[in-house]
Amino acid sequence: MRDSKPDPRAKYKRVILKLSGEVLRGGKGGDPIDGATLSEVCSQVKEIHELGVQVCVVIGGGNIFRGLNGEKRGVDRTTGDYMGMLATVINGLALMDCLEKLGVNTRVQSAIPMNQIAEPFILRRAVRHLEKGRVVIFVAGTGNPYFSTDTTAALRASEMHADIIMKATKVDGIYDKDPKKHSDAVKYDQITFIDALKQRLNVMDSTAFSLCMDNNVPILVFDLNDKHAIRKAIVGEKIGTLVRN
Ligand code: UDP
């Protein structure tokens, strides 16, 4: 068991780190789970864990399978969504393995029971793991089709009373318009949920977004490719875009 007091530099005590499956991919068209990329991501998680921050990871599955893509291949949406949820389990086990090799204790909790490979999601047990200094990796999304892992992050953040969702992506924040199409696009350092809604900015899908807004869970959108990005975010360096009430 470790001293659960976080480093005074840490701005947040308990965070939900939402990693999209694609952050594990090695470059464009590379392996869905690339060893070096996985190791880099896990080193970043280790950095904030060492600051004494309680870390939960919600991992996506988009590098392997998405329900909506399944539909294009003739797979029924519900079946495809379960395939997507299983994809998150594969990614979660990869994270578990890599983090443990880096000396970080983890527990994987699944929203779909699969006792041989993960604990079931039990809120109080997840909190206890955090208190004992373990990183908790949530897999299998919410366990329900027609949802996303962003919604899972919003749900887990609400029930675990996390201080923030840190949404690691491949873009460095939220812009007033698409920066790929408009050279004059401006990045927001901060924006309110209401303004993001009014401007139809695509922060998260609408279910995830309204859960965060209604339960007062701020979201930090930031670029994981930035070196030490997660640590910078935790110690309050100016990085990404913060969405809050
Ligand atoms: N999914 C689902 N219910 C959930 C979470 C995820 O059905 O509660 C499925 C859905 O098909 C989704 C896939 O799992 O496309 C992978 O999750 P997501 O697309 O959120 O992953 P990411 O884009 O973050 O990699």
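Computed from a predicted structure; not experimentally measured.

**Student:** Break down the overall build of the protein for me, citing the residues and quoting the values.
**Tutor:** Counting secondary structure elements, the protein contains 8 helices and 11 strands. Once the C-alpha set of the protein is aligned to its principal axes, its extents read approximately 50 × 50 × 35 Å. Within the span of the protein, comprising 245 residues, buried residues form 51% of the whole. Of the contacts made within the protein by residues no fewer than 6 positions apart, 73% connect residues no fewer than 24 positions apart. Total accessible area computed for the protein in this model is approximately 11900 Å², and 50% of it derives from carbon and sulfur atoms.

**Student:** Can you explain the site of the ligand? Please cite residues and give values.
**Tutor:** Taken together, 21 residues sit near the ligand, with Arg66, Asp81, Thr142, Asn144 and Thr149 positioned nearest. The separation between an oxygen atom of the ligand and a polar main-chain atom of Gly21 is 2.7 Å. A distance of 2.5 Å separates an oxygen atom of the ligand from a polar atom in the side chain of Thr149. Contact with the protein chains removes 92% of the 520 Å² of surface that the ligand exposes when unbound.

**Student:** Report on the packing of helix 1 (residues 35–49) against helix 3 (residues 77–101), specifying residues and quantitative values.
**Tutor:** For the pair helix 1 and helix 3, the least separation of the axes is 9 Å and the interaxial angle reads 65 degrees. Taken as axis vectors, helix 1 and helix 3 run roughly perpendicular relative to one another. The element helix 1 and its partner helix 3 pack so that their crossing is right-handed. The residues of helix 3 that touch helix 1, namely those facing Leu38, Ser39, Cys42 and Val45, are Ala94, Leu95, Cys98 and Leu99.

**Student:** Let's hear about the packing of helix 5 (residues 149–159) against helix 7 (residues 206–214): which residues, and what values?
**Tutor:** Where helix 5 meets helix 7, the closest approach of the two axes is 8 Å, and the angle between their N-to-C directions is 20 degrees. Judged by the inter-axis angle, helix 5 sits roughly parallel to helix 7. Relative to helix 7, the crossing made by helix 5 is left-handed. Every residue of helix 7 that contacts helix 5 at Asp150, Thr151, Ala154, Leu155 and Ser158 is listed here: Thr207, Ala208, Leu211 and Cys212. When the residues that make up the contact of helix 5 with helix 7 are grouped by side-chain class, the tally is 5 nonpolar, 3 polar and 1 charged.

**Student:** How would you summarise the environment of Gly133 if you had to cite specific residues and measurements?
**Tutor:** Inspection of the secondary structure assignment puts Gly133 in the loop between helix 4 (123–131) and strand 5 (135–139). Taking the relative accessible area as the measure of exposure, Gly133 reaches 7% and is therefore buried.

**Student:** Residues and numbers for the side chain of Thr142, please.
**Tutor:** With respect to the helices and strands, Thr142 occurs in the loop between strand 5 and helix 5. Assessed through its relative accessible area of 15%, Thr142 is described here as buried. Among the polar contacts made by the side chain of Thr142, one reaches the main-chain amide nitrogen of Asn144 at a distance of 3.1 Å. Beyond its immediate chain neighbours, meaning those up to four positions away, Thr142 contacts Ala111, Phe147, Thr152 and Leu155.

**Student:** If you had to explain the pattern of salt bridges to someone new, which residues and values would you point to?
**Tutor:** Within the structure shown, the criterion is met by 16 salt bridges. Its salt-bridge partner being Asp97, residue Lys101 comes within 2.7 Å of it at the nearest N-O pair. Taken together, the residues span about one helical turn, with Lys101 and Asp97 both in helix 3 at a distance of 4 residues. Under the relative-accessibility criterion, Lys101 is labelled exposed at 65%. Taking the relative accessible area as the measure of exposure, Asp97 reaches 38% and is therefore partly exposed. Its salt-bridge partner being Asp178, residue Lys181 comes within 4.0 Å of it at the nearest N-O pair. Classification of Lys181 as exposed rests on a relative accessible area of 67%.

**Student:** Kindly report on the pairing of strand 11 (residues 241–244), identifying the contributing residues and their values.
**Tutor:** The pairing of strand 9 (residues 190–192) with strand 11 spans 3 bridges and is classified as parallel. For Thr192, the partnering residue across the bridge sits in strand 11 and is Arg244. Sheet topology note: the strand 10 (residues 219–223)/strand 11 ladder contains 3 bridges and is antiparallel. Along strand 11, the bridge assignment pairs Leu220 with Leu242.

What counts and what doesn't
Residues numbered from 1 in each chain as written. Predicted model: local features only at pLDDT ≥ 70, side-chain atom pairs only at ≥ 80, totals over all residues. Heavy atoms only, no water. Helix = DSSP H or I, 4+ residues; strand = E, 2+ residues; numbered from the N terminus. Buried < 20%, exposed > 50% of the residue type's maximum accessible area, 1.4 Å probe, protein only. Contact = heavy atoms within 4.5 Å. Areas by Shrake-Rupley, 256 points an atom, 1.4 Å probe, with all protein chains shown as cover. Near = heavy atom within 4 Å. Polar contact = N/O pair within 3.5 Å; in protein donor to acceptor, adjacent residues only side chain to side chain. Axes fitted to C-alpha atoms, helices over the stretch in contact; angles between N-to-C directions. Parallel < 35°, antiparallel > 145°, perpendicular 65-115°, else oblique. Left-handed = near helix turned anticlockwise from the far one by under 90°. Nonpolar A, V, L, I, M, F, W, Y, C, P; charged D, E, K, R; others polar. Salt bridge = Lys/Arg side-chain N within 4 Å of Asp/Glu carboxyl O. Pairing = 2+ DSSP bridges.

All quantities given are derived from atomic positions and should not be read as evidence of function.
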